[in-house]
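# Descriptive structure summary
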Amino acid sequence: MRIDEACKALARLDDGMLMRGAFFTLLSAAGIFLWIDMREIAAMNAEFPGIDPNRQDQPVLPPALTEGAPSAPPVQPASSNEVLRQPMKLELKSGGVLLAEGTIDLGAAARFAEEIGKRGEYVKTVALNSPGGSVEDALAMSKLIRERQLDTKVASRALCASSCPIVFAGGVARIAEKDAVVGVHQVFSGSGQTTAEQAMSAAQSTTARVARHLHSMGIGAGLWINALETPPDRLYYLTAEEMADFNLTTEPVATAEKKD
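Now for a look at the structure at hand. The residue numbering used here restarts from 1 in each chain and proceeds along that chain's sequence as written. Restriction of local features to residues with pLDDT of at least 70 applies here, the model being predicted, together with a cutoff of 80 or more for giving and counting side-chain atom pairs; totals for whole chains, interfaces and linings are based on all residues. With hydrogens and water set aside, each side-chain value is computed from the structure's full complement of heavy atoms.

### What to know about the overall build of the chain
In DSSP terms, a helix is any run of H or I states spanning at least four residues, a strand is any run of E spanning at least two, and both are numbered starting from the N terminus. Check the secondary structure of the chain and you find ten helices and eight strands. Throughout, a residue-residue contact means that at least one pair of heavy atoms, one from each residue, lies within 4.5 Å. In the chain, the proportion of contacts linking residues at least 24 apart, taken out of those at least 6 apart, comes to 70%. Each accessible area value is a Shrake-Rupley result obtained with a 1.4 Å probe; residue values ignore everything except the protein chains displayed when judging cover. Accessible surface, the chain as shown: approximately 14,000 Å² in total, 58% of it carbon and sulfur.

Written as structure tokens, this is what we have:
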């Protein structure tokens, strides 16, 4: 076909057909880039397997997100590693405060629901002191907290890291006292080796569900963006100003500090 004939043929093509062709080309390219990105995430999770607080050979508290050598968290939690590493324990304190302390192990949400079922009329606030753990259990606990219209709190020098801020987000009122240690990082799989495709599917599903839940709780997108940008062997420690900006806390910092 001569060049002039080719040009005439292109001119006869319907504009809608050209637009559809361009759309599907862009869609295919986006799919390829997403696949590449998720392979990189899977590779990163293989390189940085994440901190599992249940494992005795790993630290309970990951180092802060830094370039180069790891650095310590801004404040050291008051609780010992033994307390933080234990499966989550629930204890009703005075003033309607239910202390949820320890790792969010598999089954923690069921125990939490049972405790709320027994003592729900007495519980007003859930105080958290946890290095995180099961995302599924954290989501279930957070949803129940909001359903029961409870408040959440992280006391001074208490810890709420990894999946724990998901639980914290469930509170109607959310208070992080001065020197509360709150941090986030990427979701990772602690169930052993997975293929890149399995890791991609799991990461997409979990990321979508957590992002949707945080949005429904009124939390700003910046919180989850910082989590996604932080490798699973580090933590992004949130300042009081950032927690207020992301609407993770609902009281001004100065007011929370007066309650120390």
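Here the narrative resumes.
### Things to note about the sheet that holds strand S2 (residues 97-101)
Consider a sheet: its strands pair through backbone hydrogen bonds, and that pairing is either parallel or antiparallel. For two strands to be treated as a pair, DSSP must find no fewer than two bridges joining them. Here we have five strands laid out as an open sheet, ordered S1-S2-S3-S4-S6, and mixed in their pairing. Looking at strand neighbours, the two that pair on one side only are strand S1 (89-92) and strand S6 (174-176), the edges of this open sheet. With direction set aside, neighbouring strand axes in the sheet form an average angle of 20°. Lines are fitted to the C-alpha atoms to define the axes, a helix being fitted only along its stretch in contact, and any angle between axes, read from their N-to-C directions, falls within 0 to 180 degrees. Running over the sheet, helix H4 (residues 108-119) touches S1, S2 and strand S3 (125-129) and is turned about 15° from S1.

### Structural notes on the pattern of salt bridges
What makes a salt bridge here is a side-chain nitrogen of Lys or Arg within 4 Å of a carboxyl oxygen of Asp or Glu, nothing more. In this structure the tally under the stated criterion is six salt bridges. The closest approach of N and O atoms between Glu114 and Lys118, which form a salt bridge, is 3.4 Å. With Glu114 and Lys118 both in helix H4 and four residues apart, the pair spans about one turn of that helix. Using a 1.4 Å probe on the protein chains alone, a residue whose accessible area is under 20% of its type maximum counts as buried, one over 50% counts as exposed, and one in between counts as partly exposed. You can call Lys118 exposed: its relative accessible area is 55%. Of the charged contacts in the structure, one is a salt bridge between Arg209 and Glu136, with a shortest N-O distance of 2.5 Å. Taken together, the residues span a long stretch of sequence, with Arg209 in helix H7 (residues 196-216) and Glu136 in helix H5 (residues 135-147) at a distance of 73 residues.

### Overview of H5
Expected span of a helix, by definition, is 1.5 Å for each gap between consecutive residues, and there is one gap fewer than residues. The end-to-end C-alpha distance of H5, which contains 13 residues, comes to 18 Å, matching closely the 18 Å that a straight helix rising 1.5 Å per residue would cover. Within H5 the residues assigned to the buried category are Val135, Asp137, Ala138, Leu139, Met141, Ser142, Leu144, Ile145 and Arg146. Its side-chain oxygen at 3.5 Å from the backbone nitrogen of Glu136, Ser134 defines the N-terminal cap of H5. Positive phi appears at Gln149, one or two residues downstream of H5, with a value of about 60°. Between N or O atoms, a polar contact is any pair within 3.5 Å; within protein, one atom must be a potential hydrogen donor and the other a potential acceptor, and residues adjacent in sequence are included only when both atoms are from side chains.

### Topic: the state of the cysteines
What counts as a disulfide here is a pair of cysteine sulfur atoms lying within 2.5 Å. Counted by the stated rule, this structure contains one disulfide. Here Cys160 connects covalently by a disulfide to Cys164, the sulfurs 2.2 Å from one another. On the S-S bond that ties Cys160 to Cys164, the torsion sits near -100°, and the link is left-handed. Taken as a pair, Cys160 and Cys164 share a single burial class, namely buried.

### A few points about the packing of H4 against H5
The geometry of H4 relative to H5 is characterised by a closest axis approach of 8 Å and an angle of 20° between their N-to-C directions. Classified by the angle their axes make, H4 and H5 are roughly parallel. Residues Ala108, Ala109, Phe112, Ala113 and Ile116 of H4 form the contact with H5, whose participating residues are Asp137, Ala140, Met141, Leu144 and Ile145. Asp, Glu, Lys and Arg are counted as charged, while Ala, Val, Leu, Ile, Met, Phe, Trp, Tyr, Cys and Pro are counted as nonpolar; the rest, among them Gly, fall into the polar class. For the contact of H4 with H5, a count of residues per class yields nine nonpolar, no polar and one charged. In what follows, roughly perpendicular refers to angles from 65 to 115 degrees, roughly parallel to angles under 35, roughly antiparallel to angles over 145, and oblique to any angle outside these ranges.

### What about the pairing of strand S7 (residues 181-184)?
Alternating residues of S7 divide into Val181 and Gly183 and Val182 and Val184, and every residue in both groups is buried. Across three bridges, strand S5 (residues 159-161) lies against S7 in parallel orientation. If you follow Cys160 over to S7, its bridge partner there is Val182. Of the pairings in the sheet, the one linking S7 to strand S8 (residues 236-237) comprises two bridges and is antiparallel in character. Across the sheet, residue Val184 finds its bridge partner in S8, namely Tyr236.

### Let's talk about H4
For H4, which comprises twelve residues, the first-to-last C-alpha distance of 16 Å matches the rise-based estimate of 16 Å (1.5 Å per residue) to within 8%. For H4, the set of buried residues is Ala108, Ala109, Phe112, Glu115 and Ile116. Taken end-on, H4 shows its buried residues confined to a sector of 125°, consistent with a single buried face. Turned more than 90 degrees off the buried face of H4, the exposed positions are Ala110, Gly117 and Lys118. If you follow the buried residues of H4, they end up packed against S1, S2, S3 and H5. This arc is taken over the directions from the axis of the helix to the C-beta atoms.

### So, the side chain of His185
The topology assignment puts His185 in the loop between S7 and H7. On the accessibility criterion, His185 (5% relative accessible area) is buried. There is a polar contact of 2.9 Å between the side chain of His185 and the side chain of Ser162. Of note is the side chain of His185, whose polar atom sits 2.9 Å from the backbone oxygen of Arg234. Ignoring any residue separated from it by four or fewer positions in sequence, one finds His185 in contact with Ser162, Ala227, Thr230, Pro231, Pro232, Arg234 and Leu235.

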